[in-house]
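Residue-level structural notes
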Amino acid sequence: MGYQMNILLTNDDGVNAAGIGALYDVLSENHAVFIIAPDEERSACSNAITVRRNLRINTVSGNKYSVDGLPADCVNIGLNGGLLPEIDLVISGINHGPNLGDDVHFSGTVGGARTALIFGVTGIAVSLDCLGTSDYFIDTALFVREFIKDYKRIERISHICLNINYPDLPKSQVNGFKYTTLGKREYRDSYRMLSRNSETMQLQLNGTIHSVGREGSDVHELRNGYISITPLQLDCTDYTYLSRLPKAEESWLK
């Protein structure tokens, strides 16, 4: 049966989304599972948290709660709000769409998992490579259930953050899983002017996304029918830049 855990689920698609529902149903067979998720879609909010107003929490049913806030708020409440028992693992998703490459900086799904890591708990972001709807949310949830059976080995060295992307394919066509690097998402953004007067204007974001990635990247492996699993870290320090500083400092001091 594996190690039984207290698992917190969140997402950025809203508490009633099909993806988080599939995770809850599948994982509840083996674990104590709790949902704290936004009351409506809150995509592309990264790790933003609410600090200037109070948050409203509603009991949806049993172990399910909705919050009029963001995914990071939900994780923060779940870990530090005194509502739940001690949480062993936070899973954010299943997102209704991929989160690849540069998406990890904008994604509310990844933001939820990363917030767990900030507070010292392993976080896993899970996304399905679909366009909103899919027949494979349950298959994705079943993979997650099998994957976390080995949670203690995965988590043994230190708490981690993993970004998982599952192909929008039947299980028979999934080639397995690979640990990957981040690919590249080229956002070709533009804005459409909706209205404008002397004081205000309204702009609508438009554009396309072009995905590129060499072999071993999440983009490449997902495109080839593999589940991609990318380990993420919090430290954004540019160590290559720092390694060049001593000479620059010496030159400046002279």
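Our subject in this report is the structure included herewith. Just so it is clear, the structure is predicted and the values come from calculations on it, not from any experiment.

Definitions and cut-offs
Here the residue numbers are simple positions, counted from 1 along each chain's written sequence. Only residues with pLDDT of at least 70 get local features here, since the model is predicted, and only at 80 or more are side-chain atom pairs given and counted; chain-wide, interface and lining totals rely on the full set of residues. Heavy atoms from the whole structure form the basis of all side-chain values; hydrogens and water molecules are not counted. The classification of residues rests on relative accessible area computed with a 1.4 Å probe and restricted to protein chains. Under 20% of the type maximum is buried, over 50% is exposed, and intermediate values are partly exposed. Here a strand is any run of E in DSSP of at least two residues, a helix any run of H or I of at least four, and the numbering for each starts at the N terminus. For two strands to be treated as a pair, DSSP must find no fewer than two bridges joining them. Like charges are joined within 9 Å and nonpolar side chains (Val, Leu, Ile, Met, Phe, Trp, Tyr) within 5 Å, but only among residues with over 30% relative accessible area and no salt bridge; these make up the patches. What sets the accessible areas is the Shrake-Rupley method with a 1.4 Å probe; for residues, cover comes only from the shown protein chains. Salt bridges are counted wherever a side-chain nitrogen of Lys or Arg sits within 4 Å of a carboxyl oxygen of Asp or Glu. The contact definition used throughout considers only heavy atoms, calling two residues in contact when any of these lie within 4.5 Å. Think of each axis as a best-fit line through the C-alpha atoms, taken over the contacting stretch in the case of a helix, with angles from 0 to 180 degrees between the N-to-C directions. Oblique is the label for any angle not covered by the other classes, which are roughly parallel (under 35 degrees), roughly antiparallel (over 145) and roughly perpendicular (65 to 115). Helix crossings get a hand from a simple test, with the near helix turned counterclockwise from the far one by less than a right angle marking a left-handed crossing and a clockwise turn marking a right-handed one. Residues are grouped as follows: Ala, Val, Leu, Ile, Met, Phe, Trp, Tyr, Cys and Pro are nonpolar; Asp, Glu, Lys and Arg are charged; every other residue, Gly included, is polar. Two N or O atoms count as a polar contact when they lie within 3.5 Å, although within protein this holds only if one can serve as hydrogen donor and the other as acceptor, and sequence-adjacent residues are included solely when both atoms are side-chain atoms. Think of it this way: a Phe, Tyr or Trp ring, Trp meaning its six-membered ring, pairs with another when their centres are within 6.5 Å, and the plane angle makes it stacked under 30 degrees, edge-to-face over 60, tilted otherwise. Throughout, nonpolar core names a set of buried Ala, Val, Leu, Ile, Met, Phe, Trp, Tyr and Cys residues whose side chains join them through atoms within 4.5 Å.

Right, let's get into the pairing of strand S7 (residues 161–167). Burial runs high along S7: seven of the seven residues are buried. In S7, alternate side chains face the same way, and those of Cys-161, Asn-163, Asn-165 and Pro-167 on one face and Leu-162, Ile-164 and Tyr-166 on the other are all buried. As judged from the seven bridges shared by strand S6 (residues 122–129) and S7, these two strands associate in the parallel manner. Counterpart to Ser-127 in the pairing with S7 is Asn-165. In this sheet, strand S11 (residues 227–232) lies alongside S7 in antiparallel orientation, the contact comprising five bridges.

Turning our eyes to something else, we now look at a nonpolar patch on the surface. Judged by side-chain polarity, Tyr-191, Met-193, Met-201, Leu-203 and Leu-205 come together as a nonpolar surface patch covering roughly 520 Å² of accessible area. Mapped onto the nonpolar patch, the elements with two or more residues apiece are strand S9 (184–196) and strand S10 (201–212). With three residues, S10 is the single largest residue contributor to the nonpolar patch. Tracing the backbone shows Tyr-191 in strand S9. Overall, Tyr-191 belongs to the exposed group, its relative accessible area being 55%.

The next point concerns the environment of Gly-19. Relative to the elements of secondary structure, Gly-19 occurs in helix H1 (residues 18–27). A residue is classified by how much of its surface remains accessible, and Gly-19, at 0% relative accessible area, is buried. The contact partners of Gly-19, leaving out residues within four places of it in the chain, are Gly-93, Ile-94, His-96 and Phe-137.

Put simply, helix H2 (residues 71–80) and helix H4 (residues 108–118) touch, their axes get as near as 8 Å, and they point 30 degrees apart. Classified by the interaxial angle, the pair formed by H2 and H4 is roughly parallel. Crossing geometry of H2 relative to H4 is assigned as right-handed. Only Gly-108, Gly-112, Thr-115 and Ala-116 of H4 make contact with H2, whose side of the interface consists of Pro-71, Ala-72, Val-75 and Leu-79. Here the residues of the contact of H2 with H4 are counted per class, giving five nonpolar, three polar and no charged.

So, on to H4. Residues three or four positions apart in an α-helix share a direction because the helix packs 3.6 residues into each turn. H4 sits mainly inside the fold: 10 of its 11 residues count as buried. Within the span of H4, buried status applies to Gly-108, Thr-109, Val-110, Gly-111, Gly-112, Ala-113, Arg-114, Thr-115, Ala-116 and Leu-117. The N-cap residue of H4 is Ser-107: its side-chain oxygen and the backbone nitrogen of Thr-109 are 3.0 Å apart. Count one or two residues on from H4 and you reach Gly-120, which has phi positive near 85 degrees.

Turning our eyes to something else, we now look at the pairing of S10. Where S9 and S10 come together, 12 bridges link them in antiparallel fashion. When the bridges of S10 are listed, Tyr-191 appears paired with Leu-205.

On to H2, then. With seven of its 10 residues buried, H2 lies for the most part within the structure. Those residues of H2 that sit buried are Pro-71, Ala-72, Asp-73, Cys-74, Val-75, Ile-77 and Gly-78. Residues of H2 that are buried make contact with strand S1 (6–10), strand S2 (32–38), strand S3 (57–61), strand S4 (64–67), strand S5 (89–96) and H4. Immediately downstream of H2, the backbone of Gly-82 shows phi near 75 degrees, a positive value.

Further remarks concern the packing of aromatic side chains. Enumeration according to the criterion identifies six aromatic pairs in this entry. Here Phe-106 and Tyr-187 contribute two aromatic rings whose centre-to-centre distance is 5.5 Å and whose plane-to-plane angle is 90 degrees, an arrangement assigned as edge-to-face. Here Phe-106 is found in helix H3 (residues 103–106), whereas its partner Tyr-187 is found in strand S9, with 81 residues between them in sequence. For the pair Phe-177 and Tyr-179, a centre-to-centre distance of 6.0 Å together with 80 degrees between the ring planes defines the contact as edge-to-face. On the accessibility criterion, Phe-177 (42% relative accessible area) is partly exposed.

Before going further, it helps to examine the nonpolar core. In this structure, Leu-9, Ile-91, Ile-124 and Ile-148 are the most contacted members of the largest nonpolar core, which totals 33 residues. Tallying contributions element by element places H1 first for this core, with six residues. Of all hydrophobic cores here, the second largest spans 13 residues; its members include Tyr-65, Ile-77, Ile-87 and Ala-116.

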